[in-house]
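What the coordinates show
The chain contents come next:
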Amino acid sequence: MEKMFSAFNAWREKYSDNLIDLGGKLNEGGKVVTADGSTDGPFVEVKEIVGGYMMISADSLDEAVQVVSELPNLASPGSNIEVREIANMG
């Protein structure tokens, strides 16, 4: 555990200029909202569930992928990270 925290802290220091919000783990449950109202969810039958989030700043998608590819947590079996750009609505 100590080795993992050390690796994460080294990554965090290396990319400190890119890190906007280290985010966090999401709680189980929640609501699924539609125009007709809301229901309990997400449901266990979904294939993939978002476990957490993090926001980084990068000049390109390639730079964002580079930052994330060095995240030590990615080495855990079965781990994957989806990189998405926030749409500019302006």
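You'll find the structure just up there.
Attention now goes to the overall build of the protein chain. Looking only at helices and strands, one finds two helices and four strands in the protein chain. Going from N to C terminus, the protein chain has its helices and strands arranged as α-β-β-β-β-α. Residues classed as buried in the protein chain amount to 11% of the 90 residues present. Taking the contacts inside the protein chain whose residues are at least 6 apart along the sequence as the reference set, 55% of them involve residues at least 24 apart. Working note: accessible area of the protein chain is about 7,800 Å², and carbon and sulfur atoms make up 52% of it.

Assignment of secondary structure puts N18 in the loop between helix 1 (2-14) and strand 1 (19-25). What N18 contacts, discounting residues up to four positions off in sequence, is M55, I56, S57, A58, E63 and V67.

Regular strands have side chains that alternate between both faces of the sheet. Alignment of strand 2 (residues 31-34) against strand 3 (residues 37-40), held across four bridges, turns out to be antiparallel. Residue pairing in the sheet places V32 in a bridge with T39 of strand 3. Here strand 2 folds back onto strand 3 in antiparallel fashion, the turn holding two residues.

Attention now goes to helix 2 (residues 61-69). Given 3.6 residues per turn, any residue in an α-helix points the same way as the ones three and four places further on. Of all the residues in helix 2, the buried ones are A64, V67 and V68. Along helix 2, the residues classed as buried sweep out an arc of 95° about the axis, all on the same side. Buried positions along helix 2 lie against helix 1 and strand 4 (52-56).

Right, let's get into the nonpolar core. As a rule of thumb, soluble globular proteins bury nonpolar side chains together. The biggest cluster of nonpolar side chains holds six residues, and these are F8, W11, Y15, L19, V67 and L71. With residues up to four places along the chain from it excluded, the contact list for V67 reads W11, Y15, N18 and I56.

Okay, the pattern of salt bridges next. One pass over the full model with this rule turns up two salt bridges. E70 serves as the salt-bridge partner of K14, at 2.7 Å between the closest nitrogen and oxygen. Of this pair, K14 sits in helix 1 while E70 sits in the segment after helix 2; the two residues are 56 residues apart in sequence, bridging distant segments of the chain. For E82, the salt bridge identified is with R84, shortest N-O distance 3.0 Å. Of the two residues, E82 and R84, neither departs from the other in class, the shared state being exposed.

Taken as a whole, this structure holds two aromatic pairs when the rule is applied. Plain terms: the ring middles of W11 and Y15 are 6.1 Å apart, the flat faces sit at 55° to each other, and that makes the pair tilted. Summarising the burial analysis for this pair, W11 and Y15 share the class buried. The structure contains a cluster of three or more aromatic residues connected by ring pairs, namely F8, W11 and Y15.

Conventions adopted
All residue numbers refer to positions counted from 1 along the written sequence of the respective chain. Since the coordinates come from a predicted model, pLDDT governs what is reported: local features require at least 70, and pairs of side-chain atoms require 80 or more to be given and counted, while whole-chain, interface and lining totals use all residues. Computation of side-chain values covers all heavy atoms of the structure but excludes hydrogens and water. To qualify as a helix, a DSSP run of H or I must reach at least 4 residues; to qualify as a strand, a run of E must reach at least 2; elements of each kind are numbered from the N terminus. Between buried and exposed lies partly exposed: a residue is buried under 20% and exposed over 50% of the maximum accessible area for its type, with that area taken using a 1.4 Å probe on protein chains only. It only takes one pair of heavy atoms within 4.5 Å for two residues to be counted as in contact. All accessibility values rest on the Shrake-Rupley procedure with a 1.4 Å probe; residue burial counts only the protein chains present in the view. At least two DSSP bridges between two strands are needed for those strands to be called paired. Comment: arc refers to directions from the helix axis out to C-beta atoms. What we call a nonpolar core is a set of buried Ala, Val, Leu, Ile, Met, Phe, Trp, Tyr and Cys residues that are connected through their side-chain atoms within 4.5 Å. Definition used for salt bridges: Asp or Glu carboxyl oxygen within 4 Å of a side-chain nitrogen of Lys or Arg. Here the aromatic set is Phe, Tyr and Trp, taking the six-membered ring for Trp, and pairing holds for ring centres within 6.5 Å; pairs whose planes are under 30 degrees apart are stacked, those over 60 apart are edge-to-face, and all others are tilted.

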